[in-house]
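# Structural overview
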Amino acid sequence: MLKKWMVALGMVSVLTLAACNDGDDEDPADDEQMEEQEQEQEQDHEQDTDDREEDRDQSE
């Protein structure tokens, strides 16, 4: 009888830990994609800034 209770308690513990561990909704792949998008936006911003500076130089 004690063995059955120990097995049941062990299974409940495993299920509880598995359910609690599933709280992380973010994927590491999502983080990488976000970083790539930020880098692309920074490059686009730098290019736009460079283009504006060239336009100013040409207009003078």
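What this report covers is the structure whose coordinates are included nearby. Remember, predicted model here, so these are calculated numbers, not experimental data. (Residues numbered from 1 in each chain as written. Predicted model: local features only at pLDDT ≥ 70, side-chain atom pairs only at ≥ 80, totals over all residues. Heavy atoms only, no water.)

### Regarding the overall build of the chain
Test applied: Secondary structure elements follow DSSP: runs of H or I no shorter than four residues count as helices, runs of E no shorter than two count as strands, and numbering proceeds from the N terminus. Reported accessibility uses the Shrake-Rupley method at a 1.4 Å probe radius. Residues are deemed covered only where the shown protein chains occlude them.
Along its length, the chain carries two helices and zero strands. Accessible area of the chain: about 6,200 Å², with a carbon and sulfur share of 50%.

### Some details on helix α1 (residues 2–21)
Each α-helix turn comprises 3.6 residues. Residues three or four places apart therefore point the same way. Rule in force here: To estimate the expected span of a helix, subtract one from its residue number and multiply by 1.5 Å. Throughout, exposure labels follow a simple rule: accessible area from a 1.4 Å probe, protein chains only, divided by the maximum for the residue type, with under 20% read as buried, over 50% as exposed, and the rest as partly exposed.
An ideal rise of 1.5 Å per residue puts 28 Å on 20 residues; α1 measures up with 28 Å between its terminal C-alpha atoms. Among the 20 residues in α1, zero count as buried, and that is only a small part of the element.

### Topic: a negative patch on the surface
Just so we agree on the cut-off: Two distance rules govern patches: like charges are joined within 9 Å, and nonpolar side chains (Val, Leu, Ile, Met, Phe, Trp, Tyr) within 5 Å, applied only to residues with over 30% relative accessible area and no salt bridge. Definition used for salt bridges: Asp or Glu carboxyl oxygen within 4 Å of a side-chain nitrogen of Lys or Arg. The charged-residue count follows a simple rule in which Lys and Arg add positive charge and Asp and Glu add negative charge, with His and chain termini not counted at all. Think of each charge as sitting on NZ of Lys, CZ of Arg, CG of Asp or CD of Glu.
Together, Asp30, Asp31, Glu32, Glu35, Glu36, Glu38, Glu40, Glu42, Asp44, Glu46, Asp48 and Asp51 give the surface a local cluster of negative charge. Tracing the chain through its elements places Glu40 in helix α2 (residues 28–59).

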